[in-house]
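Structural description and commentary
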Amino acid sequence: MRMMLLGPPGSGKGTQAEYLIDRYRIPHVATGDMLRAAVREGTELGNRAKAIMDRGELVPDDLVIGMLMQRLANEDAEEGFILDGFPRNTAQARALDAQLEDRGLGHVVALEVPERELTKRMLGRGRSDDTEETVRNRLTVYHDMTVPLFEYYEKAGILRRIDGFQSIEDVAASIVSALESTG
Ligand code: AMP
């Protein structure tokens, strides 16, 4: 199963991924987590990414795409993966399609959550990039850069919209039924 979780920051992608990795036994590949690890470790990539992440902007495509492709080449991703936070724009989506070739992504699960709820959730998380100004900026970047992916994946026929404003268990059940009803 090669799937991607699409949705605004705070929509529950990470929480749902935790559940899905258990069920499907495939790795959770989250570019935000990878970048935060790089920042903690003080790698060259981390040092370049930190200020950009703190502003809530997107890290340049070449850096993120390189990091992601290396990760997908790992043996543990052979049977599938759950992408979270990538792609974030159309250029990244095209790079991913080119890399996966005919295997392609099987499913894109879009979590839909009202904006006021997103802000509330993010400000309650206490991450260093969850300050009020950064949160606002991340939502703007999401609308400008990432929302066009709905159309991209709708056209590809693999987009499944899920109501993300339910309990964690109900969102998980909705995702599983969407994945399993479409094969
Ligand atoms: P996330 O944990 O997915 O919300 O990501 C946290 C931050 O990491 C984002 O606000 C971006 O600055 C950066 N980031 C994560 N994934 C990507 C990506 N695919 N492209 C560019 N920047 C990213």
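Above this text sits the structure in question.
Our subject in this report is the structure included herewith. (Residues numbered from 1 in each chain as written. Predicted model: local features only at pLDDT ≥ 70, side-chain atom pairs only at ≥ 80, totals over all residues. Heavy atoms only, no water.)

Let's talk about the overall build of the protein
Counted only if it meets this: Starting at the N terminus, helices and strands are each numbered in turn, a helix being any DSSP run of H or I of at least four residues and a strand any DSSP run of E of at least two. Atoms counted for the radius of gyration: C-alpha only. Globule rule: 2.2 Å times residue count to the power 0.38. Partly exposed residues are those whose accessible area sits between 20% and 50% of the maximum for their type, while under 20% is buried and over 50% is exposed, using a 1.4 Å probe and protein chains only. In what follows, a contact means two residues having at least one pair of non-hydrogen atoms within 4.5 Å. Only the protein chains shown count as cover for residues, with accessible areas throughout obtained via the Shrake-Rupley method and a probe of 1.4 Å. Residues counted as positive are Lys and Arg, residues counted as negative are Asp and Glu, and His and the chain ends are not counted. Where a charge lies is defined by one atom per residue type: Lys uses NZ, Arg uses CZ, Asp uses CG and Glu uses CD.
Within the protein, the secondary structure is distributed over 9 helices and 5 strands. For the protein, the succession of helices and strands along the chain, N to C, is β-α-β-α-α-α-β-α-β-α-α-α-β-α. Against the globule reference of 16 Å for 183 residues, the protein gives a C-alpha radius of gyration of 16 Å, in line with a compact fold. Principal-axis analysis of the C-alpha atoms places the extent of the protein at approximately 40 × 35 × 30 Å. Counting every position in the protein, which comprises 183 residues, the buried fraction comes to 46%. Restricting the contact set of the protein to residue pairs at least 6 apart, pairs at least 24 apart contribute 73%. In the structure as shown, the protein presents an accessible area of about 9300 Å², 48% of it carried by carbon and sulfur atoms. Distance between charge centres in the protein, computed from 23 positive and 31 negative side chains, equals 3 Å.

Observations concerning the site of the ligand
As a reminder, the rule being used: The rule for a residue being near a molecule or strand is that one of its heavy atoms must lie within 4 Å of it. Think of a polar contact as two N or O atoms within 3.5 Å of one another; within protein, one of them needs to be a possible hydrogen donor and the other a possible acceptor, and neighboring residues in sequence only count if both atoms come from side chains. The nonpolar class holds Ala, Val, Leu, Ile, Met, Phe, Trp, Tyr, Cys and Pro. Asp, Glu, Lys and Arg form the charged class, and all remaining residues, Gly among them, are polar.
In the vicinity of the ligand lie 16 residues, with T31, R36, E57, G85 and Q92 positioned nearest. Here a nitrogen atom of the ligand and a backbone polar atom of G85 are 2.9 Å apart. Coverage of the ligand by the protein chains reaches 95% of its 480 Å² of free accessible surface. When residues in the shell around the ligand are grouped by element, the largest group, 4 residues, is from helix 2 (residues 31-41). Per-class residue counts for the shell around the ligand are 6 nonpolar, 4 polar and 6 charged.

Limitation: the analysis is restricted to geometry and does not speak to function.
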